[in-house]
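Chain residues, written in single-letter form:
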Amino acid sequence: MPITYVKTSWTNIEHSLLATISDEFAHVYISPIYKKIRNEGVRINLLSSTNILTTQAFEQREYNLIIRYYMDNIDMSNMNSNEAVKNKVDRLKTLLLENQIGTATPKPNKWDELTIDSIEYNVSDDENEDNENLNITELQITMINTNNH
């Protein structure tokens, strides 16, 4: 008998985030590594998943992700540029929070609960250490999703 997959992590978490964010932001992608796509982009990366509750009828899991907003060729010492990046990140945060359903009823591009645990501005990482003009802002996200069996 062939193995059938329940596409929870990809479909209900990562792809739902991709679809939601793509409504307002260009160049959104899912990847564990940075890809230069023009001067602006949003990267979604699922880090882990933990069981909260499993019954015969459903499974409830907590997902930990990072969402990174990239802006290349920008001078963050310029007040207008600095403000523009922070405004975009605030819009991204609001967009994510607006798409909670608050119930266990599955809906496309929605999730039961989403918490933005932290936002770190001006992130430095090893993979982009040579690019001094790349501004990275990282949102650490916890999502809870309930999936019926």
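This text gives an overview of the structure that appears in the document. (Residues numbered from 1 in each chain as written. Predicted model: local features only at pLDDT ≥ 70, side-chain atom pairs only at ≥ 80, totals over all residues. Heavy atoms only, no water.)

The next thing to look at is the sheet that holds strand E4 (residues 113-120). With mixed pairing, 5 strands are arranged side by side in an open sheet as E1-E2-E3-E5-E4. Strands with a single pairing partner mark the edges of an open sheet, and in this sheet they are strand E1 (28-30) and E4. Between one strand axis and the next, the sheet turns through 25° on average, direction left out of account. Note: strand E3 (residues 58-71) against strand E5 (residues 135-148), 14 bridges, orientation antiparallel. Looking at E5, one finds that glutamate 62 is bridged to isoleucine 144. Helix-sheet contacts for helix H1 (residues 8-22) involve E1, strand E2 (40-54), E3, E4 and E5, and the interaxial angle to E2 is about 145°. With respect to the sheet, helix H2 (residues 79-98) is in contact with E2, E3, E4 and E5, its orientation differing from that of E5 by roughly 5°. (Pairing = 2+ DSSP bridges. Helix = DSSP H or I, 4+ residues; strand = E, 2+ residues; numbered from the N terminus. Axes fitted to C-alpha atoms, helices over the stretch in contact; angles between N-to-C directions. Contact = heavy atoms within 4.5 Å.)

We now examine unusual backbone geometry. Positive phi, normally seen in glycine, also occurs at histidine 27, with a value near 60°. Structurally, histidine 27 can be placed in the loop between H1 and E1. Unlike most non-glycine residues, asparagine 122 shows phi in positive territory, near 55°. Topologically, asparagine 122 is positioned in the loop between E4 and E5.

A few words on the pattern of salt bridges. The full count for this structure, using the stated rule, is 7 salt bridges. Between glutamate 98 and arginine 91 there is a salt bridge whose closest N-O contact spans 3.6 Å. Judged by its relative accessible area of 28%, arginine 91 is partly exposed. (Salt bridge = Lys/Arg side-chain N within 4 Å of Asp/Glu carboxyl O. Buried < 20%, exposed > 50% of the residue type's maximum accessible area, 1.4 Å probe, protein only.)

For the coordinates displayed, the defined rule picks out 2 aromatic pairs. Aromatic pair phenylalanine 25 and tyrosine 69: ring centres 6.3 Å apart, planes at 70°, arrangement edge-to-face. Linking phenylalanine 25 in the loop between H1 and E1 with tyrosine 69 in strand E3, this pair joins segments that are 44 residues apart in sequence. As far as the burial class goes, phenylalanine 25 and tyrosine 69 line up, both buried. Judged by centre distance (4.4 Å) and plane angle (45°), the ring pair of tyrosine 34 and tyrosine 70 falls under tilted. Residue tyrosine 34 is found in the loop between E1 and E2, and its partner tyrosine 70 is found in strand E3; the two are separated by 36 residues along the sequence. For tyrosine 34, a relative accessible area of 16% gives the class buried. A cation over a ring is seen here: lysine 86 above tyrosine 121, with NZ or CZ 5.5 Å from the ring centre. (Phe/Tyr/Trp six-rings, centres within 6.5 Å; stacked < 30°, edge-to-face > 60°. Lys NZ or Arg CZ within 6 Å of the ring centre and 35° of its normal.)

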